[in-house]
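# What the coordinates show
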Amino acid sequence: MAAAMLSSAPTHVFGPTIPPPDHQAAPPTAIPMHRPAIRRVSCTAFRTTVRSVYLPDSSASPFHDAVGSSRSDWQTNFAIIASKAACNSSSPSSSSKDGAASSESTNGNDGNQYHLVSPPPVNGPNQSSATLDLVPVTNLPRPLSISDLSPAPKHGSRLRVAYQGVPGAYSEAAAGKAYPNCEAIPCDQFEVAFQAVELWIADSAVLPVENSLGGSIHRNYDLLLRHRLHIVGEVQLPVHHCLLALPGVRKEQLSRVISHPQALSQCELTLTEMGLNVVREAFDDTAGAAEYVANNGLRDTAAIASARAAELYGMQVLADGIQDDSGNVTRFVMLARDPIIPRTDRPFKTSIVFAHDREGTSVLFKVLSAFAFRDINLTKIESRPHRHQPLRLVDDANVGTAKHFEYMFYIDFEASMAETRAQNALAEVQEYTSFLRVLGSYPMDMTPWAASSTTTTTTNSPPSS
């Protein structure tokens, strides 16, 4: 069978070597390193040498289920055949005894007749087949890849999303809106969420950047410049604040209210109208404040948080919808390690940051004109002091030496980087600035949201026992 397979290979040439006379010793045959060969096999009539010539353009393998058809695979296959053929040559009696080896005759192209000896089975002499039992390619372990370290499933399923806060925070709700059915990973700080994505602990992060009442969250704008993550989307989440307390506690028993500083400022007027004589204390986040009151059993303290936080930590809602403005919306951005491909089939938004250290006037005006001339609408412009170069000295002989702040400018505009007008606008901006970076070009959040009711609902709790 092995002889038949060897003779049927179209890309391997087998040629006989005429043996020397019996009284003359055969000279040693030098086998080049780049050409595998079969050792000489003694036969009753004459000796033959079967040589294998590997042709790299081979498209088919004569061995069924063999490992590929590369040069190294052919060398391995013929090395096995050569070793078995040598064993058969050294002990012909044993070979004929177990019937593992057989001899077949074949006619060459030159009219001579040659004998090819098939080796015994590789797995032992008791096997009835001479097929090489090599490991199939399908059974080999697949090498690890980047997708194994951090899979990117479809539709957000099993996607690991980092957010700042504890379960019940508004950031967790934003992560669920951005990536439905995701695995939300709480982080105690904003920077920890950035690092979780960079270290492949999380696939994405959802972090707030601005609120309709409290304004921009400057910490995250600074982290966007410090880290190399990309904005791949945005989420707008209506904020619905509730006044939470332990079960059985009434409003008259409260002496302080704790929550995030922005939540306290967003509910300041409502708390005053409710007639609460309480001290307002800042906490890390809204849901963390509710967890702190519940874990410590503080009956004189209330927390401003979401209704979901009340369910998670077993607290009652004393007042629902206590925000001063019904249009209280927080904008979150979705961050990932790789940017997305900009498109033009839906509304896109692009965020950039730039700085300029060149002398001259009206630099900011020229930058804004690059967008105005192309009818590109700006939705946000934010300036932050340059952390590494906060001051710039200007020496005027008539006025004296003055110190000016160096600023980094953050701009959001309604256009996709796939549009020619956006590309031309940034090309012009680059002429006026010393630093320009695109934070991301991503689809806008166009989902409608319902404004919170301006009416404050108060829940009457039973008297405490």
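Residues numbered from 1 in each chain as written. Predicted model: local features only at pLDDT ≥ 70, side-chain atom pairs only at ≥ 80, totals over all residues. Heavy atoms only, no water.

## Quick word on the overall build of the chain
In terms of helices and strands, the chain carries 13 helices and 20 strands. Sequence separation of at least 24 residues holds for 74% of the intrachain contacts in the chain that already meet a minimum separation of 6. Looking at the chain as shown, the accessible area adds up to about 25400 Å², and 53% of this sits on carbon and sulfur atoms. (Helix = DSSP H or I, 4+ residues; strand = E, 2+ residues; numbered from the N terminus. Contact = heavy atoms within 4.5 Å. Areas by Shrake-Rupley, 256 points an atom, 1.4 Å probe, with all protein chains shown as cover.)

## Regarding the packing of aromatic side chains
Per the counting criterion, the structure on display carries 5 aromatic pairs. When the centroid spacing of 5.4 Å and the interplanar angle of 40 degrees are considered together, the rings of F283 and Y292 count as tilted. Between the aromatic rings of F371 and F413, the centroid separation amounts to 5.0 Å while the plane-to-plane angle is 40 degrees, which identifies the pairing as tilted. With a gap of 42 residues between them, F371 in helix 12 (residues 363–372) and F413 in strand 18 (residues 407–413) connect regions that are remote in the sequence. Each member of the pair F371 and F413 is classed as buried. Through successive ring pairs, a cluster of aromatic residues spans F354, Y407 and F409. (Phe/Tyr/Trp six-rings, centres within 6.5 Å; stacked < 30°, edge-to-face > 60°. Buried < 20%, exposed > 50% of the residue type's maximum accessible area, 1.4 Å probe, protein only.)

## Observations regarding the confidence of the model for the chain
Averaged over every residue, the pLDDT of the chain is 74; residues scoring 70 or more account for 57%. Counted against residues more than four places away or in other chains, residues 57–68, with its pLDDT under 50, gives 26 contacts. Across residues 121–135 the pLDDT falls below 50, and counting only partners more than four positions away or on other chains, this stretch makes 25 contacts in the model. (pLDDT = per-residue confidence, 0-100.)

## Some points on the sheet that holds strand 19 (residues 435–443)
The strand order 15-18-14-19 describes an open sheet built from 4 strands, whose pairing is antiparallel. Every interior strand has two partners, whereas the edge strands, strand 15 (378–385) and strand 19, have only one. Here the strands of the sheet are splayed against their neighbours by 15 degrees on average, with no regard to which way each runs. Pairing of strand 14 (residues 348–355) with strand 19 involves 8 bridges; the strand directions are antiparallel. Paired with F348 across the two strands is P443, which belongs to strand 19. The sheet strands contacting helix 12 are strand 14, strand 15 and strand 18, and the helix crosses strand 15 at an angle near 155 degrees. (Pairing = 2+ DSSP bridges. Axes fitted to C-alpha atoms, helices over the stretch in contact; angles between N-to-C directions.)

## Concerning the packing of helix 6 (residues 190–198) against helix 7 (residues 218–226)
For the pair helix 6 and helix 7, interaxial distance at closest approach is 10 Å and the crossing angle is 30 degrees. Judged by the angle between their axes, helix 6 and helix 7 are roughly parallel. In this structure, the crossing between helix 6 and helix 7 has a hand that is right-handed. Only R219, N220, L223, L224 and R226 of helix 7 make contact with helix 6, whose side of the interface consists of F190, E191 and F194. Considering only residue class, the contact of helix 6 with helix 7 consists of 4 nonpolar, 1 polar and 3 charged. (Parallel < 35°, antiparallel > 145°, perpendicular 65-115°, else oblique. Left-handed = near helix turned anticlockwise from the far one by under 90°. Nonpolar A, V, L, I, M, F, W, Y, C, P; charged D, E, K, R; others polar.)

## Some points on a negative patch on the surface
A grouping of E268, E273, D324 and D325 is seen on the molecular surface, where their side chains present a negatively charged patch. Here E268 lies in helix 9 (residues 268–273). When its relative accessible area of 44% is taken as the criterion, E268 is described as partly exposed. (Patch = residues over 30% accessible without salt bridge, like charges linked within 9 Å, V, L, I, M, F, W, Y side chains within 5 Å. Salt bridge = Lys/Arg side-chain N within 4 Å of Asp/Glu carboxyl O. Lys, Arg positive; Asp, Glu negative; His and termini not counted. Charge placed at Lys NZ, Arg CZ, Asp CG, Glu CD.)

## Considering helix 10 (residues 286–296)
Of all the positions in helix 10, only T286, A287, G288, A289, A290 and V293 are classed as buried. Tucked inside the fold, the buried residues of helix 10 contact helix 5 (170–178), strand 8 (242–245), strand 9 (256–259), helix 8 (261–266), strand 11 (301–305) and helix 11 (307–312). For helix 10, the capping residue at the N-terminal end is D285, with a side-chain oxygen 3.4 Å from the backbone nitrogen of A287. Directly beyond the C-terminal end of helix 10, a positive phi value near 60 degrees is found at G297. (Polar contact = N/O pair within 3.5 Å; in protein donor to acceptor, adjacent residues only side chain to side chain.)

## Some points on the pattern of salt bridges
Going through the model one piece at a time under the given rule, you end up with 18 salt bridges. Two residues, R219 and E191, come together in a salt bridge whose shortest N-O distance is 3.0 Å. Taken together, the residues R219 in helix 7 and E191 in helix 6 connect sequence positions 28 residues apart. Residue classification places R219 among the partly exposed residues on the basis of a relative accessible area of 36%. For K380, the salt bridge identified is with E382, shortest N-O distance 3.3 Å. Each of E210, E234, R331, K349, K380, E382 and D412 takes part in a single network of salt bridges with overlapping partners.

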